[in-house]
Protein chains: 2
Amino acid sequence: MSDDLLPSWRPGATRDALLRFLEESIELPAERRFACFDNDGTLWVERPTYIQLDFFVDVLRERVAAEPSLRDRAELAAVLAGDPAQIDAIGLERVVGALLELFVGMTPEEVTLRSRAFMSTAQHPLGRPARSAVYQPMLELIDELRRREFTVAIVSGGGVEFVRSVSQELYGVPPELVVGTQPAYEFGRDATGRPRLTRAPGLGGTPNEGPAKIAAIQSQLGRRPVLAAGNSAGDREMLEWACGGGEPCLAILVDHDDADREYRYASQAATFAETEGILDVAARSGWTTVSMARDWRRIFPDDR
Amino acid sequence: MSDDLLPSWRPGATRDALLRFLEESIELPAERRFACFDNDGTLWVERPTYIQLDFFVDVLRERVAAEPSLRDRAELAAVLAGDPAQIDAIGLERVVGALLELFVGMTPEEVTLRSRAFMSTAQHPLGRPARSAVYQPMLELIDELRRREFTVAIVSGGGVEFVRSVSQELYGVPPELVVGTQPAYEFGRDATGRPRLTRAPGLGGTPNEGPAKIAAIQSQLGRRPVLAAGNSAGDREMLEWACGGGEPCLAILVDHDDADREYRYASQAATFAETEGILDVAARSGWTTVSMARDWRRIFPDDR
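Being a predicted model, the structure only gives us computed values, none of them experimental.

Asks: Pulling in residues and values, what's your account of a negative patch on the surface?
Replies: A surface patch of like charges, here negative, comprises Glu 23, Glu 24, Glu 27 and Glu 247 of chain A. For Glu 24 of chain A, the location among the structural elements is in helix H1 (residues 13-24).

Asks: For the pairing of strand E9 (residues 250-255) of chain B, give the residues involved together with the corresponding values.
Replies: Residues and elements named next belong to chain B. In terms of residue burial, E9 counts as a mostly covered element, since 6 of its 6 residues are buried. Burial of E9 is two-sided: the residues Leu 250, Ile 252 and Val 254 facing one way and the residues Ala 251, Leu 253 and Asp 255 facing the other way are all buried. Bridge count between strand E8 (residues 227-230) and E9: 4 bridges; the pairing is parallel. Bridging from a neighbouring strand, Ala 228 pairs with Ala 251 of E9. Note that the unit made of E8, helix H10 (residues 236-242) and E9 has a crossover that is right-handed. Pairing geometry for E9 and strand E10 (residues 288-291), over 4 bridges, is parallel. In the strand pairing of E10, Leu 253 is matched with Thr 289. The β-α-β motif built from E9, the intervening helix H11 (residues 278-285) and the parallel element E10 has right-handed crossover chirality.

Asks: Any details on the packing of helix H3 (residues 74-81) of chain B against helix H5 (residues 92-100) of chain B? Residues and values, ideally.
Replies: All names here are of chain B. Across the interface, H3 lies against H5 with an axial gap of 9 Å and an inter-helix angle of 95°. By the angle class used here, H3 and H5 are roughly perpendicular. Two secondary-structure elements touch here, H3 through Glu 75, Leu 76 and Val 79 and H5 through Arg 94, Val 95, Ala 98 and Leu 99.

Asks: Describe the interface of chain B and chain A, and please don't skip the residues or the numbers.
Replies: With 34 residues of chain B in contact, the opposing surface of chain A contributes 34 residues. Across the interface of chain B and chain A, roughly 2800 Å² is buried in total on both sides, 55% from carbon and sulfur atoms. The interface formed by chain B and chain A contains 10 salt bridges. A salt bridge links Arg 189 of chain A to Glu 240 of chain B, with the nearest nitrogen and oxygen atoms 2.8 Å apart. Linking chain B with chain A are 19 residue pairs in polar contact (both at pLDDT 80 or more). Taken together, the elements giving at least two residues each to the side of chain B that touches chain A come down to helix H6 (108-121), helix H8 (160-171), strand E6 (183-189), strand E7 (195-203), helix H9 (211-221) and H10 of chain B. Per element, the largest residue contribution to the side of chain B that touches chain A is 7 residues, and it comes from H9 of chain B. Broken down by class, the residue content of the side of chain B that touches chain A amounts to 13 nonpolar, 7 polar and 14 charged.

How each quantity is defined
Residues numbered from 1 in each chain as written. Chains lettered and ligands numbered in written order. Predicted model: local features only at pLDDT ≥ 70, side-chain atom pairs only at ≥ 80, totals over all residues. Heavy atoms only, no water. Patch = residues over 30% accessible without salt bridge, like charges linked within 9 Å, V, L, I, M, F, W, Y side chains within 5 Å. Areas by Shrake-Rupley, 256 points an atom, 1.4 Å probe, with all protein chains shown as cover. Salt bridge = Lys/Arg side-chain N within 4 Å of Asp/Glu carboxyl O. Lys, Arg positive; Asp, Glu negative; His and termini not counted. Charge placed at Lys NZ, Arg CZ, Asp CG, Glu CD. Helix = DSSP H or I, 4+ residues; strand = E, 2+ residues; numbered from the N terminus. Buried < 20%, exposed > 50% of the residue type's maximum accessible area, 1.4 Å probe, protein only. Pairing = 2+ DSSP bridges. Right-handed = clockwise from strand over helix to strand, strands pointing away. Axes fitted to C-alpha atoms, helices over the stretch in contact; angles between N-to-C directions. Parallel < 35°, antiparallel > 145°, perpendicular 65-115°, else oblique. Contact = heavy atoms within 4.5 Å. Buried area = accessible area lost by both parts, 1.4 Å probe. Polar contact = N/O pair within 3.5 Å; in protein donor to acceptor, adjacent residues only side chain to side chain. Nonpolar A, V, L, I, M, F, W, Y, C, P; charged D, E, K, R; others polar.

Structure, rendered in structure tokens:
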């Protein structure tokens with residue numbers, strides 16, 4: 001296989017494992033060429049905060065300007081203060097619940113427009129537009145998979161509509177191939193009798209992490225992947241799922257070990273308890289662990 | 001627009017409405033080129049029984065041969081007797097619940113293999129293989145939509161895995177573009193610790209009819225269609241949804257009025273109460289009603 005494949009991946013065992021899988025996958029029937037990627041920390045940056053949380057803060061600031069009494073809610077005050085300790089004390093779930101209330105009554109189209117407006121100008125602390133805080137090596141891998149007629153899906157713990165609002169532009173992934181945490185919707189009719197869907201409080205199901213990712217892959221996408229990529233305990237079952245159905249398969253775990261070019265941290269699931277360090281699971285299971293520091297020549301599309 | 005488009009549609013107001021929509025849709029941004037088709041009675045035959053019910057009967061007969069005591073269950077006895085009055089007396093929901101129990105413990109792959117085995121040999125009472133009991137005019141419409149870069153989805157009240165098992169072969173629709181009634185799944189691990197999904201009793205949600213179709217389109221597919229096609233009250237909200245979001249749009253209702261070539265009957269939703277005759281809703285709403293007798297030159301791919 002040619003040397004100019006995956007140019008942002010440095011030569012070594014990790015790149016070799018990807019190239020081997022790409023070669024072997026040619027023998028798979030078309031129906032089985034299916035790959036699932038986590039989003040936060042796998043396709044784009046999740047530090048210092050989830051980009052979706054920045055979006056929530058943006059919506060919150062706009063709403064507080066019109067309705068200052070919103071500042072009196074402890075959950076929202078903690079977010080406005082940007083105080084992780086206060087958020088932890090209140091509990092992420094309660095805080096997210098309060099933030100979700102800001103969207104109650106909005107239609108899906110309104111939510112999409114609002115998140116696109118945010119993403120069109122949002123800057124990431126790493127000094128680039130948020131929409132370019134995506135990992136170039138993963139984009140190259142997705143391209144190679146598509147060249148081999150893979151269907152590529154995103155299976156995220158993030159809000160499904162937020163991810164869908166940018167998935168086509170950032171990754172070439174259409175909305176039906178994005179699985180995420182579902183918001184609650186309410187069916188109704190407008191004054192002229194036409195059907196309406198509007199956001200209701202809370203979620204439409206469980207957060208999309210852990211075993212829920214497998215269930216959602218089955219119910220929404222309808223087939224089992226032969227490749228899965230993730231970075232945290234919230235992706236564990238999905239990676240096990242990809243490599244529990246026969247060969248060839250590939251389970252990719254991204255290790256954030258690059259303090260100079262990105263961040264150095266131990267990945268954690270947002271809502272999901274870890275029973276064993278995910279790097280240990282990867283080593284024990286024969287997954288392909290990606291060291292960002294060692295394996296990635298470039299991290300972002302506009303690097304060098 | 002050329003005369004040789006949609007050759008199985010006879011010239012007239014219905015075909016003109018389709019051609020007008022196809023022409024106008026060119027102005028839609030790519031993201032909005034999205035069409036949803038019901039399956040039973042819209043893409044393939046639903047009389048004298050749903051083809052999925054024939055599949056259930058096939059599985060039931062196989063299981064009864066191994067385990068004759070299953071005959072003692074009233075719900076299953078009614079199905080084996082093929083007695084609609086008895087099924088009605090017991091209630092379709094209870095009967096379907098008993099049939100779904102036959103699948104408990106099966107993996108998604110096993111369900112798919114079993115339904116493909118059925119579909120590979122099943123014969124339809126109209127004297128053709130079940131997999132060719134599909135409407136040629138609708139296949140031509142789907143082809144024309146795809147030629148205009150539409151994404152085409154199936155939004156069925158039927159079991160999602162049964163429809164997915166044949167959707168690629170029959171309609172060119174991949175599993176992620178099939179929405180249907182979801183079975184319940186249970187997450188577990190096998191003896192070696194690998195994750196398993198197996199069928200649990202009952203459904204994984206509400207039957208996919210009526211307003212549930214809109215909610216499922218949003219949660220699973222993530223965008224609103226500009227074309228929807230159906231045949232019963234279970235499709236009403238979906239058709240209203242397609243034509244409540246701006247022009248151009250097309251809502252297509254198939255009227256089964258051809259006793260000679262197919263069946264003549266008033267379409268009814270399987271689990272969903274009708275508040276107004278669906279043909280009346282169509283006339284009042286300006287939908288395009290398809291008369292199978294008048295508008296379709298051919299009904300099945302192998303006709304004439």
